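If you want the building blocks of each chain, they are given just below.
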Amino acid sequence: MQVLCKSSNEATEVNCSVCGQGFVLYWERQTRTEKATALREVATKLRGHHQQLEGRDAHPDRGFLVPEWNGPIAFSGAAILGNAPSWAL
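Computed from a predicted model, the values in this text were never measured in an experiment.

(A) Structural context of the pairing of strand 1 (residues 3-8). Across six bridges, strand 1 lies against strand 3 (residues 22-27) in antiparallel orientation. Of the residues in strand 3, the one forming a bridge with Lys6 is Val24. Note: strand 1 against strand 4 (residues 64-66), three bridges, orientation antiparallel. Across the sheet, residue Val3 finds its bridge partner in strand 4, namely Val66.

(B) Quick peek at the pairing of strand 3. Counting buried positions along strand 3 gives five out of six residues, so the element sits mostly inside the fold. Between the end of strand 2 (residues 14-15) and the start of strand 3, which pair antiparallel, lie six residues, with Gly20 showing a positive phi angle near 85 degrees.

(C) The arrangement of helix 1 (residues 32-48) in detail. With 17 residues, helix 1 should cover 24 Å at 1.5 Å per step; its first-to-last C-alpha distance of 24 Å lies within 8% of that length. Within the span of helix 1, buried status applies to Ala38, Val42 and Leu46. Looking down the long axis of helix 1, one finds its buried residues gathered within 75 degrees of arc, a one-sided arrangement. Exposed and facing more than 90 degrees away from the buried side of helix 1 are Thr33 and Arg40.

(D) Region of the structure containing the packing of aromatic side chains. Under the defined criterion, the tally for this structure stands at one aromatic pair. Both rings, one in Phe23 and one in Phe64, keep their centres 5.8 Å apart while their planes meet at 80 degrees; by these two values the pair is edge-to-face. Of this pair, Phe23 sits in strand 3 while Phe64 sits in strand 4, placing them 41 residues apart in sequence. This pair shows no difference in class: Phe23 is buried, exactly as Phe64 is. The cationic tip of Lys35 hangs over the ring face of Trp27; the distance from NZ or CZ to the ring centre is 5.0 Å.

(E) Geometry of the confidence of the model for the protein. Of all residues in the protein, 75% have pLDDT values of 70 or greater, and the mean over the chain is 80. In the model of the protein, helix 2 (residues 77-81) stands out as the element of lowest mean pLDDT, 53, in contrast to strand 2, which has the highest, 96.

How each quantity is defined
Residues numbered from 1 in each chain as written. Predicted model: local features only at pLDDT ≥ 70, side-chain atom pairs only at ≥ 80, totals over all residues. Heavy atoms only, no water. Pairing = 2+ DSSP bridges. Helix = DSSP H or I, 4+ residues; strand = E, 2+ residues; numbered from the N terminus. Buried < 20%, exposed > 50% of the residue type's maximum accessible area, 1.4 Å probe, protein only. Expected span 1.5 Å × (residues − 1). Arc of directions from axis to C-beta. Phe/Tyr/Trp six-rings, centres within 6.5 Å; stacked < 30°, edge-to-face > 60°. Lys NZ or Arg CZ within 6 Å of the ring centre and 35° of its normal. pLDDT = per-residue confidence, 0-100.

Structural data, given as structure tokens:
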């Protein structure tokens, strides 16, 4: 199960607890329990971005997947749902 996270200032689904940057999330189909687990993973990832940088610049300019994906984007369900071209990740 993956989540594609894209920074946004409108209609955000989750905000970074450190800097407040908002993100829109694109999900693969999942249960409520899986979604709750994924939200915790996203929140952890967002906080982790701030280990080296402060402010909103700590987050990637492009979309990113949680958990990270090392395979071809064509096989990432979350990226497909978010209409993410390969250059966007």
